[in-house]
Amino acid sequence: MQELSVRHLLGIKDITREDIQLIFETADNFKDVLNRPIKKVPSLRDITIANVFFENSTRTRLSFELAEKRLSADIINFSSSSSSVKKGETLLDTVNNILAMKVDMIVMRHSSPGAPHFLSRHIPANIVNAGDGTHEHPTQALLDTFSIREKYGEVAGKKVVIIGDILHSRVALSNIFALQKLGADVMVCGPVTLLPKYIKELGVKVELNVRKALEWCDVANVLRIQLERQQMKYFPSLREYSLYYGIDKKMLDSLNKEITLMHPGPINRGVELTSDAADSHHSIILNQVENGVAIRMAVLYLLASKK
Amino acid sequence: MQKRLIVNHQLLEIMVKRLCHQLIESHGDFSNSVILGLQPRGIYVAERVQNTLATIIGKSVPTGFLDTTFHRDDFRRRETPLTANATSIDFVIEDKNVILVDDVLYTGRSVRAAMDAMIAYGRPAKVELLVLIDRLYTRHLPIEPTYVGRRVNSLQSQRVLVEWQDHEKAEDSIWLINKSEE
């Protein structure tokens, strides 16, 4: 019987290739559950999960919530905008108060990198990182690589380019770790101001020209420009960004091969992707969302089965 | 090591044939019946029953595999985590006569989980249970098989093992083993 090597899912960096494979195999079974007439299993019926979101989220939060409900867990939701955090309570106090209500698992999103790692050293519950600042977003990387595996059969040997705001993106970092652990070839592409200075040390290729990047790759994972995290101007204007790094249907059609287009959402239509590209047959963006629920069910199930 | 052969391959063949004839008695031409093998080991029995029925009645009865992992009642209560297997049911079970198939019936808990898992696919008209080995006086739940290969008296410290030739074993056989000596 296999089990995960970790008690918490804090980042892809901390887990092994075998862990990822186990999560994928379990997610295959949950995807099957999600296609039944009754999309629910009783596995986590004695578990309570708190979704603690210190930062805004739609997709991730709904996806986690649905995954928890499909596993029959009891859930409580917490968002910082309507809570005592505004009154000056510390993170640890807030979470300890939640735990005093006998909660077994915490799904947390926080704007500070390392916040879930800090929590994991101080509290007994299992923690799932749903995004910590610009650091990691492990379940997103798992569902992205799971979607690639679903489309191509395997991830190993595939050429994947991550395009856009690499500097501020937790999705990019988690994806790089996950893709490398699974044996894919990874490239990043974006304006030089939005590429981290030492990105090459992670063993990825760097390309500044989006057309060359698309010609090289099998899969393009396009990221959103995270204006909310940018304290200064990294490029002259959105219009200029879109002119040099935006992808449209015409560009996709002019490539000499079929590539797959992914996006972790939310899409800024007309900036990184035009509508005709986002809605084209190249895109597996909605498959990613569907797979998100199965992947999160697998993560929660596997963590819960570790006592 | 005490490993006692309780059914050899000739007896096992006769046993499966007899079970198939019993199935034919109550299901006729199987026009409204389906077979569900329980993962992980009941699927081999289900395949064998399907093949034997095909040679007798000349048609293939729809057969699927049902995984019960997510419906088990010992999740988080046992030492080792449970690994899920594939469920593959490419037919509708609504209003069908379902024959659940497993190799060994012991506490009855897997069968309870299987019935829960099965209900997620629809409401069958009738559900029956076929097992090769029924371990007597070991039930934790009020569950009894409809078709039985053989009833066996066994101790809690023992395990019944069914081996299949087409699944990496020398020949079809059923063994009684002492758990401590495995």
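Residues numbered from 1 in each chain as written. Chains lettered and ligands numbered in written order. Predicted model: local features only at pLDDT ≥ 70, side-chain atom pairs only at ≥ 80, totals over all residues.

1. Overview of helix 2 (residues 59-70) of chain A
Residue and element names in this part refer to chain A. Here helix 2 contains 12 residues, and its C-alpha end-to-end distance of 16 Å stays within 8% of the 16 Å for a straight helix at 1.5 Å per residue. If you follow the buried residues of helix 2, they end up packed against helix 1 (17-34), strand 1 (48-53), strand 2 (74-79), strand 3 (105-110), strand 4 (126-132) and helix 11 (285-304). Note on helix 2: the residue one or two positions beyond its end, serine 72, has a positive phi of about 65°. (Helix = DSSP H or I, 4+ residues; strand = E, 2+ residues; numbered from the N terminus. Expected span 1.5 Å × (residues − 1). Contact = placed C-beta atoms within 7 Å.)

2. Examining the confidence of the model for chain B
Across chain B, pLDDT averages 90, with 98% of residues at or above 70. This prediction of the complex comes with two scores: 0.86 for pTM and 0.72 for ipTM. (pLDDT = per-residue confidence, 0-100.)

3. Remarks on helix 1 of chain A
Helical geometry: 3.6 residues make up each α-helical turn, so side chains three or four residues apart lie on a common side. Residues and elements named next belong to chain A. Helix length check: helix 1, at 18 residues, gives a terminal C-alpha distance of 25 Å against a target of 26 Å (1.5 Å per residue), a fit within 8%. Of all the residues in helix 1, the buried ones are Asp19, Ile20, Leu22, Ile23, Thr26, Ala27, Asn29, Phe30 and Val33. Taken together, the buried residues of helix 1 touch helix 5 (138-152), helix 6 (170-181) and helix 11. (Buried ≥ 20, exposed ≤ 12 C-beta atoms within 10 Å, placed from the backbone.)

4. Some words on unusual backbone geometry
The residue after Gly265(A), namely Pro266(A), is reached through a cis peptide bond having omega -10°. Tracing the sequence through the fold places Pro266(A) in the loop between strand 9 (260-262) and helix 10 (275-278). For the bond from Gln39(B) to Pro40(B), the omega torsion is 0°, close enough to zero to count as cis. The residue Pro40(B) is located in the loop between strand 2 (33-38) and helix 2 (42-57) in this model. Phi at Phe30(B) is positive, roughly 60°, even though this residue is not glycine. Along the polypeptide, Phe30(B) turns up in the loop between helix 1 (9-27) and strand 2.

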